[in-house]
Amino acid sequence: MGAGHAHGRLYRAGDSIVHRLPPQCKLVAVVAFTLVVVATDRERFPAFAGYAALLIVVAAVAGIRPPFILRRMTVELPFVLFAVALPFLSPGPRVEVLGVWLSVDGLLAGWNILAKATLGVVASILLAATTEPRILLLGAARLRLPQLMVQIAMFMLRYADVIVEEMRRMKVARESRAFAARNLKQVPVIARSAGALFIRSYERGERVHLAMLSRGYTGTFPVIDDISASRWQWGIAGTLPLTALAILAGSLL
Amino acid sequence: MHVPDGFFTVPVSVSAAAVAVAGVTVCLRGARKELDDRTAPMAGLVAAFVFAVQMLNFPVAVGTSGHLLGGALAAILVGPYTGVLCIAVVLLVQALFFADGGLTALGVNIGLLGIVTVLVGYGVFRLVTRFAPRSRAAIGIGSFTAALISVPVSALVFTLLYAVGGTSSIEIGTVATAMVGVHTLIGIGEGLITMVAVSTVLAVRPDLVYGARALARPLLLRRADGSPIPADAERAEPRRRTRPVLIGGVVITLLLAGVVGFYASSSPDGLERVAADTGFDTQAKPHDLADSPLGDYGVKGVENERISVGLAGVIGVTITLLAGGGVAWAARRRTEHRRRAGRSAADA
Amino acid sequence: MNALRVSGLAYAYPDGTQALFGVDLSLERGERVALLGPNGAGKTTLVLHLNGILTPGAGQVHVGGLEVGPARLREIRRRVGLVFQDPDDQLFMPTVREDVAFGPANLGLRGSELERRVKVALAKVGMAHAADRPPHHLSFGQRRRVAVATVLAMEPEILVLDEPSSNLDPASRRELSEILKNLDVTVLMVTHDLPYALEICERSLILSGGVVVADGPTPEILADGELLTRHRLELPYGFAVPGAQ
């Protein structure tokens, strides 16, 4: 997880058909697509190429540029390292690749994790890039995500900005006094600033919340604007997982 | 430790999702008791906070860095049920908005990083603070121990899941060694950060720490001229039903340490053999502690390697628990001693 | 029946700090009462009990005969409108209109009735022209008036204001006092601005050390210099209570 998580960077404003789809349709589409990907046998290489092509089409339609996606893909780095190590560490029969003896099973396992994780990550990146976080949560609420969790998530998003901003300030303050996190001895310093950060952000949000409660807020934002989806919109969103399913079926023939 | 799509087999992902749904449902019910109007945004803040501190990578060993899991922290700050919900929300948001952790692995992630860390963390916390329910020091120590133990236990459960349904064929011993080793180090960092963060909040806004509710004092009533109104009777402190959580947490911890350790060593020479196969071991240096009784996670003098490693896990956890409990007990003795001294001084 | 009755209210924060030590007070319907007291007297803590945000450690709060408790929070919060000290805590929606609509929408109103509530409330505070503007583009005095409107839109029976005159320039101060005097609701105004209390409220209470230590007509309370000094309250330099000796 790299720095710079402020969610202003996640969403790319736009007016494509992908942007305009109701959030619940996109959510279902992405989850269904990922399920198809995960269920695909690791040796059906052409199917994975087909899935990748599908995501490229979605990205092109939504106007999301490759550099943006590549930058965001760094989140899967730890597992990429694991996947790359697999061919060296796995037991079993070995093949020679470019002069190195590698485990066949390890190669396949590494490929499996790499391919599926990457497709899942890119699908999620596209979802977040075309849907505002608040709207995405409304979509999740429509899909019967428990109200309490939606509420926690709403507060979380509101606090996240405050916290990230405060963290950046405190980091600057620390580093301008020649502090850098180098070893375990510095954990207490980070921990103390974490505690201070917590109280600073809490007190900012607490008063707003009390004022909301006083006006009858009971945990759900009154939804005045409707986000219901038409059958047509479900149809469009459905093309992603359905095409993926068709690709899977095709590869089985 | 956010598991991506495709890391575990479909059956494991699906069962983990079922467990996660069941766990979250239980927590939704339980959270109603923990949350009131004032603490609802706390849950959101804790979620945001856990999310933020997971970004703080701290170095654990040469070339490796880890981040907080935050389960113990969340449980201590907002209570165990709400704590699980917070972590679940963090993981959901990470999967949806940040592509961190796969959507199909969400069940696995909620189970490992949410349910396991909270259950173990809160169980250990209650166990430690039970011996010194009325001091801040005890809460600090409890926080440290809780976080410290919760991380490697979570890593052990990961290993267990991997044994059942990992998609690669690396021997479980290798995975266990790597996971537990690294996560014990992460646990120390997590313990320190949790302890200091909880203590800081406790010092400034003690009302925000769920785990410190026992510190509240009974009310006084006064008349307009300031003279006290005698209370009817000292209100009995409400006894919370902590025993089930407590015992559950400890049993699970010990069980995991033992059982997983047992399985982990089913290929006793896991990493070593693979390393030898690939020539890695020429670079590896023997660890300084390898000769200590628990070095290399085995107990010397126990013939069966599997039992030995399982035993090492149990012993390790027990020692940590006893150490934490002992310090808390000592702290309690001191406060009680001081209180008694204060009372006799007032009598004189 | 009293509009508001507080009896034996005591409260300690979970850290053990006790803020209220047995508060007794009652308000008649249509009364405007000032709650005076130094910093740290427990004024804000008391206010947070009036609509059930804090739960009493001992004692009760009754609003129009209804005891404040977890089961009736929605009705209590409709009846008791709280205007917080800092309008920026109260205003968080993108436009003034949405902000004023937030309360009545939480009560379940939609469509034309919601629209009417917003319009009436904004007209009462003279801010109808600003309905579509973002709150943070308004002046501080305007923001405070919008904050009052957000509460009025819920048509409360009791309006509770926390330090309504703080940080206002003289013109905004006068505009707000005229608005408050023309409202047809019970008003409880928490303040240490004594002239403002005298201008708006016929009756005053002094809260000090977590208990009510004085209760009477505002001119009498303010004329008792010794009482004021004892509770760290002071009239501004050169200010004399009209009609007092």
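Cut-off values and rules
Residues numbered from 1 in each chain as written. Chains lettered and ligands numbered in written order. Predicted model: local features only at pLDDT ≥ 70, side-chain atom pairs only at ≥ 80, totals over all residues. Heavy atoms only, no water. Helix = DSSP H or I, 4+ residues; strand = E, 2+ residues; numbered from the N terminus. Expected span 1.5 Å × (residues − 1). Bend = angle between axes of the 7 residues up to and from the residue. Buried < 20%, exposed > 50% of the residue type's maximum accessible area, 1.4 Å probe, protein only. Phe/Tyr/Trp six-rings, centres within 6.5 Å; stacked < 30°, edge-to-face > 60°. Pairing = 2+ DSSP bridges. Axes fitted to C-alpha atoms, helices over the stretch in contact; angles between N-to-C directions. Parallel < 35°, antiparallel > 145°, perpendicular 65-115°, else oblique. Left-handed = near helix turned anticlockwise from the far one by under 90°. Contact = heavy atoms within 4.5 Å. Salt bridge = Lys/Arg side-chain N within 4 Å of Asp/Glu carboxyl O. Nonpolar A, V, L, I, M, F, W, Y, C, P; charged D, E, K, R; others polar.

Residue and element names in this part refer to chain B. Its 25 residues give helix α1 (residues 10-34) an end-to-end C-alpha distance of 35 Å, which sits within 8% of 36 Å, the value for a rise of 1.5 Å per residue. Along its length, α1 shows its largest kink, about 25°, at L28. Those residues of α1 that sit buried are V12, S13, A16, A20, G23, V24, C27, L28, G30, A31 and E34.

All names here are of chain B. In this structure the tally under the stated criterion is eight aromatic pairs over all chains. Considering the side-chain rings of F8 and F158, the 5.7 Å spacing of their centres and the 65° angle between planes classify their relative orientation as edge-to-face. Residue F8 is found in the segment before α1, and its partner F158 is found in helix α6 (residues 136-165); the two are separated by 150 residues along the sequence. The pair F8 / F158 is uniform in exposure class, with both members buried.

With that settled, the discussion passes to the pairing of strand β8 (residues 186-191) of chain C. Residue and element names in this part refer to chain C. Counting buried residues along β8, six of its six residues qualify, which places the element largely inside the surrounding structure. Neither face of β8 is exposed, since T186, L188 and V190 on one face and V187, M189 and T191 on the opposite face are all buried. Relative to β8, strand β3 (residues 32-36) runs parallel, the two being bridged by five bridges. Residue pairing in the sheet places L35 in a bridge with V190 of β8. Of the strand pairs in this sheet, strand β7 (residues 158-162) and β8 are connected by five bridges, and their pairing is parallel. Counterpart to D162 in the pairing with β8 is V190.

Here we take up unusual backbone geometry. Residues and elements named next belong to chain C. Not every positive phi belongs to a glycine, and N167 is a case in point at roughly 65°. With respect to the helices and strands, the residue N167 is situated in the loop between β7 and α7 (170-182). Residue N167 is classed as exposed on the basis of its relative accessible area, which comes to 66%. At R232, a residue that is not glycine, the phi angle is positive and equals roughly 55°. Here R232 shows up in the segment after α10 (225-230).

Our next topic: the packing of helix α3 (residues 45-62) of chain A against helix α6 (residues 104-130) of chain A. Residues and elements named next belong to chain A. In contact at an axis separation of 11 Å, α3 and α6 are set at 15° when each is read in the N-to-C sense. With respect to α6, the axis of α3 lies roughly parallel. In terms of crossing hand, the pair formed by α3 and α6 is left-handed. Across the interface between the two elements, F45, F48, Y51, A52, L55, V58, A59 and A62 of α3 pack against L108, W111, A115, K116, L119, V122, A123, L126 and T130 of α6.

Residues and elements named next belong to chain C. Taken as a whole, this structure holds 20 salt bridges over all chains when the rule is applied. For E31, the salt bridge identified is with R203, shortest N-O distance 3.0 Å. In this pair, E31 sits in the loop between β2 (18-27) and β3 while R203 sits in strand β9 (residues 203-208), placing the two residues 172 residues apart along the sequence. Classification of E31 as buried rests on a relative accessible area of 15%. For the salt bridge of R117 with E113, the shortest nitrogen-to-oxygen distance reads 3.4 Å. One end of the pair is R117 and the other is E113, both in helix α5 (residues 111-124) and four residues apart, which spans about a single turn. Relative accessible area serves as the criterion here: at 13%, R117 is assigned to the buried category. Here the salt bridges share partners, and the residues they tie into one network are E75, R78, R79 and E157.

Below, the discussion takes up the side chain of R42 of chain A. Its location among the elements puts R42 of chain A in the loop between α2 (23-39) and α3. The class for R42 of chain A is buried, based on a relative accessible area of 18%. Residues in contact with R42 of chain A, not counting those within four places in the same chain, are F48, D105, L108, A109, W111 and N112 of chain A together with T167 of chain B.

This part covers the packing of helix α6 (residues 140-152) of chain C against α7 of chain C. All names here are of chain C. Interaxial distance between α6 and α7 falls to 10 Å at its minimum, and their mutual angle equals 15°. Between α6 and α7, the crossing angle belongs to the class labelled roughly parallel. α6 and α7 meet at a crossing whose hand is right-handed. Taken together, the residues of α7 that come into contact with α6 (itself represented by G141, R144, R145 and V148) are S172, E175, L176 and I179. Its residues placed into classes, the contact of α6 with α7 shows three nonpolar, two polar and three charged.

All names here are of chain C. Spatially, six strands are ordered β6-β7-β8-β3-β9-β10 in an open sheet, and the strand pairing comes out mixed. In this open sheet, the two strands that pair with only one neighbour each are β6 (80-83) and β10 (211-217). Ignoring which end each strand starts from, the neighbouring axes of this sheet average 20° apart. Packed onto the sheet, helix α1 (residues 43-50) meets β3, β6, β7, β8 and β9 and runs at close to 155° relative to β8. Contacts between α6 and the sheet are confined to β6 and β7, with β6 contributing the most and set at about 165° to the helix.

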